[in-house]
Amino acid sequence: MTEVLIVSAGAPGRPSVFADTVTRLHADGVRVTVAAGCAAEKITVADGVAEVFALPAVATLPRGDRSEYKEAVRGRKLWLRARNDPRVRRRAATADVIVALDPGAVHTVWHLARRHRTADAVVGLAPALAALADRATAPTRHTPGLLRRGAHPAVAVDAMNERMQRLTRKVVRRTTRLVLSDPRGRRAWQAALLTVPGISDAKRRRLGRRGAKVLDSLNLHTEASAARLAIAQRMRDPATRAEWLSTAVTDELAAGRIPAFLSEAAAAELVRADRALAANDVPGAAESVARVIPLLFHRAVHFDSLTSPMTQDPAGFLAPLHRSVAGRRIAEPRGRRTPAAEPPTDRPHRLLFLTRGNDNFLGEIRERYRNQPGFDVRHVDLAADPTRAPLTQQTSSLIEHLLAGHSAYGDAVREWFAPQVEWADTVFVEWCLAHAAMLTTVDPGPTRIIVRLHSYEAFTVFPHLLDLSRVDDLVFVSEPLRDFVMDVVPRLREPGAPRTPVVSNAIPLDRYRRPKHPDARFSVGLIGSTAIAKDPRWAFEVLRELRRRDDRYRLMLIGKDIDGTPTPQTAAYHRAYAEELADLEAQGAARRLGHTRDVAGALAQVGVILSSSVREGFPLALAEGAASGAVPVVRNWPFFAGRPVNPRSIFPADWVVDTPAQAADRIIAHTATEEVWRKTGEAAAEHALINWDWSVTQAEYDRLFQQPGAAPAPKA
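This one's a predicted model, so the numbers in the text were calculated from it and none came from an experiment.

A. Geometry of the overall build of the chain. Scanning the chain from N- to C-terminus turns up 29 helices and 16 strands. Taken along its principal axes, the extent of the C-alpha atoms in the chain is 100 × 65 × 60 Å. Evaluated residue by residue, the chain yields a buried proportion of 53% over its 716 residues. As presented, the chain carries roughly 31900 Å² of accessible surface, and 53% of it is formed by carbon and sulfur atoms. Looking at the chain, you have 98 positive and 81 negative side-chain charges, and the mean spots of the two groups are 8 Å apart.

B. View of unusual backbone geometry. One non-glycine residue, Asn-280, lies in the positive phi region at around 60 degrees. Its identity is not glycine, yet Trp-431 carries a phi of approximately 80 degrees, on the positive side. Secondary-structure assignment places Trp-431 in the loop between strand S8 (426–430) and helix H21 (434–439).

C. Fine view of the environment of Asp-472. Structurally, Asp-472 is set in the loop between strand S9 (448–453) and strand S10 (473–476). With relative accessibility at 12%, the residue Asp-472 sits in the buried group. It is 20 Å that separates the C-alpha atoms of Asp-472 and Leu-402, two residues lying 70 residues apart in sequence. The residues touching Asp-472, leaving out its near neighbours within four places in the chain, are Arg-336, Ala-340, Thr-447, Arg-448, Ile-449, Pro-498 and Arg-499. Polar contacts involving the side chain of Asp-472 include one to the main-chain amide nitrogen of Ile-449, which spans 2.8 Å.

D. Region of the structure containing the pairing of strand S2 (residues 31–36). Burial analysis of S2 places 5 of its 6 residues in the buried class, the great majority of the element. Where strand S1 (residues 3–8) and S2 come together, 6 bridges link them in parallel fashion. When the bridges of S2 are listed, Ile-6 appears paired with Val-34. Relative to strand S3 (residues 51–54), S2 is paired through 4 bridges, and the arrangement is parallel. Each bridged residue has a counterpart across the sheet, and for Ala-36 the counterpart in S3 is Ala-54.

E. Representation of the nonpolar core. Grouped together as the largest cluster of nonpolar side chains are 126 residues, with contacts concentrated most on Leu-403, Phe-417, Leu-465, Val-485, Phe-651 and Trp-692. When neighbours within four sequence positions are excluded, Leu-465 is seen to be in contact with Ile-330, Thr-395, Leu-398, Ile-399, Leu-402, Ala-437 and Thr-440. One finds Val-524, Val-542, Tyr-573 and Val-657 within the second-largest nonpolar core, a separate group that totals 30 residues.

F. Focus on the pairing of strand S11 (residues 523–527). Most of S11 sits inside the fold, with 5 of its 5 residues counted as buried. Covered by surrounding structure in S11 are Ser-523, Gly-525 and Ile-527 together with Val-524 and Leu-526, the residues of both alternating faces. Regarding topology, helix H23 (residues 536–549) serves as the crossover connection from S11 to the parallel strand S12 (residues 554–558), and that connection is right-handed. Bridge analysis of S11 against strand S14 (residues 608–611) gives 2 bridges, and the strand direction is parallel. From the neighbouring strand, Val-524 faces S14, where its bridge partner is Val-608.

G. Summary view of the sheet that holds S11. Spatially, S13-S12-S11-S14-S15-S16 is the arrangement adopted by the 6 strands of the open sheet, whose pairing is parallel. Two strands lie at the open edges of the sheet, namely strand S13 (590–594) and strand S16 (656–657), each paired on one side alone. Strand contacts of H23: S11, S12, S14, strand S15 (631–635) and S16, with the helix running at about 160 degrees to S12, the strand carrying the most contacts. Contacts from helix H26 (residues 620–627) reach S11, S14 and S15, with the element oriented near 165 degrees to S14.

H. Layout of the environment of Asn-691. Secondary-structure assignment places Asn-691 in helix H28 (residues 674–692). Look at Asn-691 and you get buried, because its relative accessible area is 16%. Here His-687 takes part through its backbone oxygen, which lies 2.9 Å from a polar atom of the side chain of Asn-691.

I. The packing of aromatic side chains, seen in detail. Taken as a whole and assessed by the stated rule, the structure comprises 23 aromatic pairs. A centroid spacing of 5.4 Å and a plane angle of 50 degrees characterise the contact between Phe-484 and Phe-640, whose relative ring orientation is tilted. Here Phe-640 lies in the loop between S15 and S16 and Phe-484 lies in helix H22 (residues 479–488), a separation of 156 residues in the sequence. Neither residue differs from the other here; Phe-484 and Phe-640 are each classed as buried. Arranged with centres 6.2 Å apart and planes meeting at 90 degrees, the rings of Trp-637 and Phe-651 form a pair that is edge-to-face. A residue pair is termed long-range when its members are at least 10 positions apart, and Trp-637 in the loop between S15 and S16 and Phe-651 in the loop between S15 and S16 qualify at 14 residues. One aromatic cluster in this structure is built from Phe-303, Tyr-456, Phe-459, Phe-484, Phe-618, Trp-637, Phe-639, Phe-640, Phe-651, Trp-655 and Trp-692. The ring of Tyr-369 has Arg-368 lying over it, and the distance from NZ or CZ to the ring centre is 5.7 Å.

J. Region of interest: the pattern of salt bridges. Enumeration according to the criterion identifies 50 salt bridges in this entry. Ionic pairing is found between Asp-385 and Arg-388, a salt bridge with its closest N-O pair at 3.0 Å. Since its relative accessible area comes to 31%, Arg-388 is described here as partly exposed. Put simply, Arg-643 and Asp-487 hold a salt bridge, and the shortest N to O gap is 2.5 Å. Remark: Asp-487 occurs in helix H22 and Arg-643 occurs in the loop between S15 and S16; sequence separation between them is 156 residues. Residue classification places Arg-643 among the buried positions, given a relative accessible area of 12%. Each of Asp-216, Arg-228, Glu-252 and Arg-257 takes part in a single network of salt bridges with overlapping partners.

K. Just the sheet that holds strand S4 (residues 97–100), in detail. With parallel pairing, the 5 strands of this open sheet are ordered in space as S3-S2-S1-S4-S5. Where the open sheet ends on each side, the last strands, each with one partner, are S3 and strand S5 (120–123). Mean inter-strand twist for the sheet, computed between neighbouring axes without regard to direction, equals 20 degrees. Examined bridge by bridge, S4 and S5 share 4 bridges and lie parallel to one another.

L. Region of interest: the side chain of Asp-483. Position of Asp-483 among the secondary structure elements: in helix H22. At a separation of 3.0 Å, a polar atom in the side chain of Asp-483 contacts the side chain of Arg-643. Excluding residues within four positions of it along the chain, Asp-483 makes contact with Arg-493, Arg-643, Pro-644 and Val-645.

M. Region of the structure containing the packing of H23 against helix H24 (residues 568–586). Two elements in contact, H23 and H24, have axes whose closest approach is 10 Å; the angle formed by their N-to-C orientations is 30 degrees. Classed by the angle they form, the pair H23 and H24 counts as roughly parallel. As for the relative orientation of H23 and H24, their crossing is left-handed in sense. Touching Pro-536, Arg-537, Phe-540, Leu-543 and Arg-544 of H23 are Tyr-573, Ala-576, Tyr-577, Glu-580, Leu-581 and Leu-584, all from H24. Class assignment for the residues of the contact of H23 with H24 results in 8 nonpolar, no polar and 3 charged.

Quick notes on the rules
Residues numbered from 1 in each chain as written. Predicted model: local features only at pLDDT ≥ 70, side-chain atom pairs only at ≥ 80, totals over all residues. Heavy atoms only, no water. Helix = DSSP H or I, 4+ residues; strand = E, 2+ residues; numbered from the N terminus. Buried < 20%, exposed > 50% of the residue type's maximum accessible area, 1.4 Å probe, protein only. Areas by Shrake-Rupley, 256 points an atom, 1.4 Å probe, with all protein chains shown as cover. Lys, Arg positive; Asp, Glu negative; His and termini not counted. Charge placed at Lys NZ, Arg CZ, Asp CG, Glu CD. Contact = heavy atoms within 4.5 Å. Polar contact = N/O pair within 3.5 Å; in protein donor to acceptor, adjacent residues only side chain to side chain. Pairing = 2+ DSSP bridges. Core = buried A, V, L, I, M, F, W, Y, C linked by side-chain atoms within 4.5 Å. Right-handed = clockwise from strand over helix to strand, strands pointing away. Axes fitted to C-alpha atoms, helices over the stretch in contact; angles between N-to-C directions. Phe/Tyr/Trp six-rings, centres within 6.5 Å; stacked < 30°, edge-to-face > 60°. Lys NZ or Arg CZ within 6 Å of the ring centre and 35° of its normal. Salt bridge = Lys/Arg side-chain N within 4 Å of Asp/Glu carboxyl O. Parallel < 35°, antiparallel > 145°, perpendicular 65-115°, else oblique. Left-handed = near helix turned anticlockwise from the far one by under 90°. Nonpolar A, V, L, I, M, F, W, Y, C, P; charged D, E, K, R; others polar.

The following block contains the structure:
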């Protein structure tokens, strides 16, 4: 029987062609085996026409191969998996043709062909069919001669070299660990690596990475980080320095730590971007700027951690971006043909709401103006256009367009956006993300552009990609958020910047006014703790402090649990969170209500509403809880606590606390008796309804849409 072994690094590029070809081979009596580097389910063929299996997972490889796998190139990675699979060896030994289905499989097929020289080795399905046809017409030509039996002699030589290299690496690792375990050895290692002349950048990089990893394994993380930065400063080639620092950042993040040299890594990469621009290499510059995004705006740094270097020193942290030639070119104002026009008086005001999937905070606003005769309302959700929605995910193309000033990508964006902008008198963009930056690549002419920024966006690259000369109002949901973003995006303080009104979220709070049972007095509620920024472990500290004084207090968690999968940082937080919560649940001190559509009903069981977050834009859950008559307790959000404008700028000062002990003091004082508890809750509900209920804040949106020259009136 004729046999074909197909090796694939991933799913077939043209699944239907692949499936048809395999079916045809099966019909011709060929036994087909497919060894896949991806999940076997991604190789779609009819039942019974081929044997399909996935190559072994990396975790199952021998220790030496696992170690090599981490730094191997893509093709080598696949071979390390394939050579440890007995099914591959067995099928290759009897195969007539061995096929590399894609470029990632070529290295593996080359190795197999050297070990089984009687088979034809080809790349692609068409050459495979040709090889089978040739073997069918001249079978004797493929009978192996004496010299072609068995593996090529070079295979044995390669195996010996590989064993020697592994032995050498093992000795070097053990020796390096022995040297770096001693403070004197560390000083000597650093002196040799940093001061001895004549060491090439490549060698310094190789030795430095090995040594830094050993320091990490010895829990000498501060020394490892300092060594990485010092090595970078000794590198002469800017490209090598940038690559080294980027790799060092990746190593630190993968180990669950936040690198201290993020700004330095971004600055090194932006030097490359500026050099590319000087050479008129705009695509190269765009690639470099795109590589800066995971350095300055990595989710582990700002979203999966309880601190952020951006909040500690916004100007210093983002200085490399703001000072670079590339960063300044991206931020250049392109201007507009005409200023925004006044709202029309002779016809309905055409109001366009522009979103990309998330319109969670838009419902009340959109419905209000849909039901007003003076407005003609449209809502365009960019995510609903399957053909063009991928444009919103092409940040590198957007950056290249901003650097060049023109591009095919920009033409596609203009073709998509321009008809909507031309129709509208006012465009309200919900969330200051990619779609907002895309919109500002289009000259809006007399159309007024309003962009609303919540909190998440402040820690992304997208506010830096906005053409602010084409935005009339950048709306914030709270004063602390606006104060912070003005430092993050210093262009907002320059002449010609858009207005920056603060307009609260639209929250119909009256629906939360329901009677509370007396037992709710000792129930502390925490709503929506799905993100680390909500820091539910701080709430656990408050609960433990409460129960040390009175064990009637308990915590109710309303909403989904934290997802502990995205990064090592979230995984570490989730482990500690799960352990603490399990202990509290075992004591009967905490209860998970889970996701519910009836938040108002859940709040009827809550006597105290807690905001434990490290950062917020405007905490809807707290406003809802206060409106329900629960006693509000707001942590002084650490991201903003040291700033002149902080949570005390939004809430009554006595609502805000700095420590778990202060939170417990406030809770106990205001739940001491049922009378005190209900009186405090009524006062909180009155404050929430007067300041944040939709019946009040809708007037701010009326002013925003109808009076483009004036910001909404400040709250009393």
